[in-house]
Amino acid sequence: LGAAQRGLQMDSERLLEVLVALDQMTGKWGQRDYFKRLYLRILYGVPEEMVDICQLKGVGKVKAKRLWDANLRELDKISVNVL
């Protein structure tokens, strides 16, 4: 990862908290879920479609990519044995 990307990853949780606070206090955008998914995308460095897989315990970018490539894309199809 580049230095800029690592910096963004390190600051992403704080930035998410600021965005959610702004949304709740003034913006009223109703985008809390979007911001959470964006945070996970930045944290794991995965595309939008792999975010749900990364929420499984012990699954990061590498395992998510392997599962995705094996056509295991829905959480209910991924068993503990696969991980």
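In what follows, the accompanying structure is described. (Residues numbered from 1 in each chain as written. Predicted model: local features only at pLDDT ≥ 70, side-chain atom pairs only at ≥ 80, totals over all residues. Heavy atoms only, no water.)

Among soluble globular proteins, nonpolar side chains are generally buried collectively. Counting 16 residues, the largest nonpolar core has Leu16, Val46, Met50, Ile53, Ala64, Leu67 and Ile78 as the members making the most contacts within it. If you list the elements that add at least two residues to this core, you get helix H1 (3-27), helix H2 (32-44), helix H3 (51-54) and helix H4 (61-69). Those residues within four positions of Ala64 in sequence are excluded, and the remaining contacts are Met50, Ile53, Cys54 and Val59. (Core = buried A, V, L, I, M, F, W, Y, C linked by side-chain atoms within 4.5 Å. Buried < 20%, exposed > 50% of the residue type's maximum accessible area, 1.4 Å probe, protein only. Helix = DSSP H or I, 4+ residues; strand = E, 2+ residues; numbered from the N terminus. Contact = heavy atoms within 4.5 Å.)

Under the criterion given, the structure shown has four salt bridges. Of the charged contacts in the structure, one is a salt bridge between Arg37 and Glu48, with a shortest N-O distance of 2.8 Å. Of the two residues, Arg37 sits in helix H2 while Glu48 sits in the loop between H2 and H3, which places them 11 residues apart along the sequence. Glu48 sits in the partly exposed class, given a relative accessible area of 33%. The closest approach of N and O atoms between Asp69 and Lys65, which form a salt bridge, is 3.0 Å. Of this pair, Asp69 and Lys65 both sit in helix H4, four residues apart, which is roughly one turn of the helix. A relative accessible area of 52% means that Asp69 is categorised as exposed. Residue classification places Lys65 among the partly exposed positions, given a relative accessible area of 41%. Taken together, the shared-partner salt bridges in this structure form one network comprising Arg37, Glu48 and Asp52. (Salt bridge = Lys/Arg side-chain N within 4 Å of Asp/Glu carboxyl O.)

In this section: the side chain of Ser12. By the element assignment, Ser12 lies in helix H1. Residue Ser12 is classed as buried on the basis of its relative accessible area of 4%.

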